[in-house]
Amino acid sequence: MTPEQLSEYQALLSTRYNSLTTLIDELDVAASDVESDDHKSDALAEAIFLRAFTAYEIDLEKLFLHYVTGGMSLQGAQANSYLKITDEASARKLIKAGFKFLSWAKPDTIRDTALNYIEHGWPVVDMLATRTQDLSDCERVRNRIAHNSPEAISQFSMVQRNLLTTERLFHLSPGQLLRMRHRKHRKLHIAHYIAVMNEMLEAIIDPPA
């Protein structure tokens, strides 16, 4: 992407974030001490979250490919890429190398990919460092929405402990958890998570000097 295209991309991210925030503002707050019977709102929260997380993965890959092929930040900073390829499609094919797909969901995998192809993984690794737990929890919530496996359930229990300090004894759906208020920020968990994803992408586009 050219600097102009990167700036336009940033504007698109902002527009999408504002649209998601509008949808979230219409969600009712869920109770934290009893099982939700508002299945419609729970399902809507899950759908909004899945949409946001999928878009985040796509954007993260796009920005990584931008830097690994010689692209610059909004301030004109350039990553020291180990690849000598300027075509993003060719770079993606090389990085994928034998995998069915590139994963941009797990922070550890993202970090390893960035470090393998860019010196110090900049700017991806720097921005990831302060958001690892939240982004890991986002991936766990996504997996619990998509799967009912023992592994997904176990990982979702970890999210509950991170957010609520303890697991709930009643059945807690991902949608109900997303509609609860964050005990520190007081906004809905889904609003907090989507803000974290947006801040991550914004910081990669325009990393601090």
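Refer to the structure printed above.
I will try to describe carefully the structure that is included in this document.

## Focus on helix α4 (residues 107-117)
Right, on to step 1. Listing the buried residues of α4 in full gives Pro107, Ile110, Thr113, Ala114 and Tyr117. Down the axis of α4, the buried side of the element spans an arc of 130 degrees, and every buried residue falls inside it.
Right, on to step 2. Here the buried face of α4 lies against α2 (39-68), α3 (88-96), α5 (124-129) and α6 (132-146).

## What to know about unusual backbone geometry
Right, on to step 1. Note that the residue after tryptophan 122, namely proline 123, is joined by a cis bond; omega there is 5 degrees.
Right, on to step 2. Following the sequence through the fold, proline 123 ends up in the loop between α4 and α5.
Right, on to step 3. The phi torsion at threonine 165 lies on the positive side, around 75 degrees, for a residue other than glycine.

## Section: the pattern of salt bridges
Right, on to step 1. What the rule picks out here adds up to 10 salt bridges.
Right, on to step 2. Here aspartate 42 makes a salt bridge to arginine 179, at a shortest N to O gap of 2.8 Å. Remark: arginine 179 occurs in helix α8 (residues 174-179) and aspartate 42 occurs in helix α2; sequence separation between them is 137 residues.
Right, on to step 3. A residue is classified by how much of its surface remains accessible, and aspartate 42, at 5% relative accessible area, is buried.
Right, on to step 4. The buried category is assigned to arginine 179, whose relative accessible area is 2%.
Right, on to step 5. Across the pair glutamate 199 and arginine 131 runs a salt bridge, and its minimum N-O distance is 2.4 Å.

## Observations regarding the packing of helix α1 (residues 3-25) against α2
Right, on to step 1. The interhelical angle for the contact between α1 and α2, taken along N-to-C directions, is 170 degrees, at an axis separation of 11 Å. The pairing of α1 with α2 is recorded here as roughly antiparallel in orientation. Two packed elements cross with a definite hand, and for α1 against α2 that hand is left-handed. For the pair α1 and α2, the contacting residues are Leu6, Tyr9, Leu13, Arg16, Leu20, Leu23 and Ile24 in the first and Ile48, Arg51, Ala52, Ala55, Asp59, Lys62, Leu63 and His66 in the second.
Right, on to step 2. Here the contact of α1 with α2 is composed, by residue class, of 10 nonpolar, 1 polar and 4 charged.

## Overview of the packing of aromatic side chains
Right, on to step 1. Throughout the structure, instances matching the rule amount to 5 aromatic pairs.
Right, on to step 2. Between the aromatic rings of phenylalanine 49 and tyrosine 193, the centroid separation amounts to 6.2 Å while the plane-to-plane angle is 65 degrees, which identifies the pairing as edge-to-face. Placement of phenylalanine 49 in helix α2 and of tyrosine 193 in helix α9 (residues 189-205) is noted, with a sequence separation of 144 residues between them. Per residue, the accessibility class of phenylalanine 49 equals that of tyrosine 193, and both read buried.
Right, on to step 3. Measuring from ring centre to ring centre gives 5.8 Å for tyrosine 67 and tryptophan 122, while their planes differ by 80 degrees; the resulting arrangement is edge-to-face. Within this pair, whereas tyrosine 67 is found in helix α2, its partner tryptophan 122 is found in the loop between α4 and α5, the two being separated by 55 residues in sequence. Pair check on accessibility: tyrosine 67 and tryptophan 122 agree, each one buried.
Right, on to step 4. Chaining the aromatic ring pairs together yields one cluster made of Phe49, Phe53, Tyr56 and Tyr193.

What counts, and where the lines are drawn
Residues numbered from 1 in each chain as written. Predicted model: local features only at pLDDT ≥ 70, side-chain atom pairs only at ≥ 80, totals over all residues. Heavy atoms only, no water. Buried < 20%, exposed > 50% of the residue type's maximum accessible area, 1.4 Å probe, protein only. Helix = DSSP H or I, 4+ residues; strand = E, 2+ residues; numbered from the N terminus. Arc of directions from axis to C-beta. Contact = heavy atoms within 4.5 Å. Salt bridge = Lys/Arg side-chain N within 4 Å of Asp/Glu carboxyl O. Axes fitted to C-alpha atoms, helices over the stretch in contact; angles between N-to-C directions. Parallel < 35°, antiparallel > 145°, perpendicular 65-115°, else oblique. Left-handed = near helix turned anticlockwise from the far one by under 90°. Nonpolar A, V, L, I, M, F, W, Y, C, P; charged D, E, K, R; others polar. Phe/Tyr/Trp six-rings, centres within 6.5 Å; stacked < 30°, edge-to-face > 60°.

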